[in-house]
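# Structural features, examined
The residues making up each chain are set out below.
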Amino acid sequence: MSDTPLGVLDLVPIASGSTAADALRNSIDLAQQTERFGYARYWFAEHHLNPGVAGTSPAVVLALTASATSTIRLGSGAVQLGHRTALSTVEEFGLIDALHPGRFDLGLGRSGGRPPGQPPESPPTTTPVVDGRAPNGLLIPPRFSFERLLGSPRIALQRKLLLLPGAESQDYAEQIDDILALLAGTYRSAEGVEAHAVPGEGADVELWILGSSGGQSAEAAGARGLRFAANYHVSPATVLEAVDGYRAFFQPSDVLDKPYVSVSADVVVAEDDATARELATGYAAWVRSIRTAEGAIEFPTPEQARAFAWSDEDRDLVRDRVDTQFVGSPGRVADRLAQLQEAAGADELLITTVTHDHADRVRSYELLAKEWSRR
């Protein structure tokens with residue numbers, strides 16, 4: 001299993017009692033530490049209007065982190081193309097690649113500025129799921145409906161603030177094609193006019209498509225022979241649909257001759273199970289704030305989390321995420337990650353860990369890396 005690389009997905013979380021500046025400094029330190037621990041990649045997510053998340057601009061944070069690290073690959077997980085253009089994306093990553101060539105992963109996602117609405121139903125997985133379990137026992141919980149979240153006033157406000165008045169998001173597959181063409185220097189408009197991104201054209205970036213279902217993102221990645229990252233930590237119910245859909249659509253390309261998949265997981269590791277559970281106490285309240293469209297709260301201490309008043313509706317809202325968070329000793333968590341890797345056929349695993357205290361977060365990644373390397 002140590003042949004399966006581990007990477008890091010970082011939202012730049014703000015802990016209660018701290019600031020966005022603290023969160024940024026902690027994330028840069030974590031990148032330095034995980035580079036030393038042997039992690040293969042360090043990705044920053046993009047989120048907006050969240051009191052407890054400082055990772056609003058992956059390219060900016062990547063530029064800062066690149067100057068503080070030397071070997072670990074750095075990337076976006078993901079740039080939200082719903083409120084961006086292909087050119088602005090290529091130019092931003094071209095800028096940072098110009099100073100740190102060959103170190104960046106350009107991860108692309110569909111969200112950000114898109115109109116609310118339930119995403120299209122993805123095709124059923126070809127991997128049998130019986131009584132909520134994959135054949136090897138991996139928990140596949142019931143599907144969570146994002147309808148309430150996507151239809152919230154806060155999401156509508158985010159769309160309004162991210163997009164210029166009257167602007168509409170470009171078709172996602174078309175954006176990906178434009179990005180590929182701009183990077184390759186082959187872009188032509190419908191009228192035959194050339195465009196050359198400087199910097200950007202020829203940038204040595206690795207393109208990834210992120211997706212939570214077997215729908216448009218999986219199809220876009222597979223049909224173009226690109227790498228695909230599926231989200232067990234965001235949508236555990238549909239992770240197998242996502243990877244199965246991607247593989248079904250896959251066509252060999254100049255980049256890949258066969259599918260290549262990374263799968264994410266929420267993880268907290270400590271020396272023993274009880275300590276890990278204590279460190280993870282704030283996770284449910286944090287997820288609840290996201291899924292009620294309140295926006296991710298500052299990550300609470302265990303004491304603050306225990307003071308939250310919970311209803312049955314609240315518990316139902318977060319149950320799939322809490323049940324699929326991997327929490328425990330290094331051996332216990334490594335066993336569950338191996339189970340996830342096997343069920344999804346993942347080539348890599350992407351680990352996202354949030355705790356209130358930065359030292360506990362660093363220690364979680366350290367303990368996991370040591371355990372994983374022994375297997």
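Heads up: the structure comes first, above all this text.
My aim in this report is to walk through the structure given alongside it, one point at a time. (Residues numbered from 1 in each chain as written. Predicted model: local features only at pLDDT ≥ 70, side-chain atom pairs only at ≥ 80, totals over all residues. Heavy atoms only, no water.)

## What to know about the pairing of strand β1 (residues 6-10)
Across the 5 residues of β1, 5 count as buried, placing the element largely inside the fold. Neither face of β1 is exposed, since Leu 6, Val 8 and Asp 10 on one face and Gly 7 and Leu 9 on the opposite face are all buried. With 3 bridges connecting them, β1 and strand β10 (residues 348-352) associate as parallel partners. What sits directly across from Gly 7, in β10, is Leu 350. Judged from the 4 bridges that link them, β1 and strand β2 (residues 41-44) form a sheet pairing that is parallel. Residue pairing in the sheet places Leu 9 in a bridge with Trp 43 of β2. (Buried < 20%, exposed > 50% of the residue type's maximum accessible area, 1.4 Å probe, protein only. Helix = DSSP H or I, 4+ residues; strand = E, 2+ residues; numbered from the N terminus. Pairing = 2+ DSSP bridges.)

## Considerations on a nonpolar patch on the surface
Together, Leu 49, Leu 157 and Leu 161 make up an exposed nonpolar region whose accessible area comes to about 280 Å². One can find Leu 157 in helix α5 (residues 153-162). Exposure remark for Leu 157: the relative accessible area of 41% places this residue in the partly exposed category. (Patch = residues over 30% accessible without salt bridge, like charges linked within 9 Å, V, L, I, M, F, W, Y side chains within 5 Å. Areas by Shrake-Rupley, 256 points an atom, 1.4 Å probe, with all protein chains shown as cover. Salt bridge = Lys/Arg side-chain N within 4 Å of Asp/Glu carboxyl O.)

## Regarding the packing of helix α1 (residues 20-37) against helix α14 (residues 358-373)
Two numbers describe how α1 lies on α14: the axes approach to 10 Å, and their chain directions differ by 20°. Relative to α14, α1 is oriented roughly parallel. In this structure, the crossing between α1 and α14 has a hand that is right-handed. Side by side, α1 and α14 meet where Asn 26, Ser 27, Asp 29, Leu 30, Gln 33, Thr 34 and Phe 37 of the first sit next to His 358, Arg 361, Val 362, Tyr 365, Glu 366 and Ala 369 of the second. For the contact of α1 with α14, the class distribution of residues is 5 nonpolar, 5 polar and 3 charged. (Axes fitted to C-alpha atoms, helices over the stretch in contact; angles between N-to-C directions. Parallel < 35°, antiparallel > 145°, perpendicular 65-115°, else oblique. Left-handed = near helix turned anticlockwise from the far one by under 90°. Contact = heavy atoms within 4.5 Å. Nonpolar A, V, L, I, M, F, W, Y, C, P; charged D, E, K, R; others polar.)

## Here's the deal with the nonpolar core
Leu 108, Val 263 and Leu 337 are the most contacted members of the largest nonpolar core, which totals 77 residues. Counting residues per element, this core draws most heavily on helix α13 (residues 330-344), at 7 residues. Excluding residues within four positions of it along the chain, Val 263 makes contact with Ala 230, Tyr 232, Val 239, Val 243, Leu 340, Ala 344, Ala 346, Glu 348, Leu 349 and Leu 350. Formed by 22 residues, the second largest nonpolar core is a distinct cluster that contains Phe 144, Ala 284, Ile 297 and Leu 350. (Core = buried A, V, L, I, M, F, W, Y, C linked by side-chain atoms within 4.5 Å.)

## Remarks on the pattern of salt bridges
Across all of its chains, the model carries 27 salt bridges by this definition. Residues Glu 366 and Lys 370 are paired through a salt bridge, measuring 3.4 Å at the closest nitrogen-oxygen approach. Of the two residues, Glu 366 and Lys 370 both sit in helix α14, 4 residues apart, roughly one turn of that helix. Notably, a salt bridge pairs Glu 371 with Arg 374, separated by 2.8 Å at the nearest N-O pair.

## Concerning α1
Under the 1.5 Å per step criterion, the end-to-end length of α1 is 25 Å for 18 residues, consistent within 8% with the ideal 26 Å. Those residues of α1 that fall on the buried side of the exposure criterion are Ala 23, Ser 27, Ile 28, Leu 30, Ala 31, Gln 33, Thr 34, Glu 35 and Phe 37. Just past α1, the residue Gly 38 takes up positive phi, approximately 100°. (Expected span 1.5 Å × (residues − 1).)

## Let's talk about the environment of Ala 78
Within the element layout of this structure, Ala 78 appears in the loop between β3 (73-76) and β4 (79-80). Of the residues examined, Ala 78 reaches a relative accessible area of 10% and is grouped as buried. The residues contacting Ala 78, other than those within four sequence positions of it, are Phe 44, Ala 45, Glu 46, Gly 107, Leu 108, Gly 109 and Leu 210.

## Let's talk about the packing of aromatic side chains
Throughout the structure, instances matching the rule amount to 10 aromatic pairs. Considering the side-chain rings of Tyr 39 and Tyr 365, the 5.5 Å spacing of their centres and the 80° angle between planes classify their relative orientation as edge-to-face. Here Tyr 39, found in the loop between α1 and β2, pairs with Tyr 365, found in helix α14; they are 326 residues apart in sequence, far enough to count as distant. Assessed through its relative accessible area of 5%, Tyr 39 is described here as buried. On the accessibility criterion, Tyr 365 (1% relative accessible area) is buried. Between Tyr 246 and Phe 250, the ring centres sit 5.9 Å apart and the planes meet at 75°, which makes this aromatic pair edge-to-face. Residue Tyr 246 shares its accessibility class with Phe 250, and that shared class is buried. (Phe/Tyr/Trp six-rings, centres within 6.5 Å; stacked < 30°, edge-to-face > 60°.)

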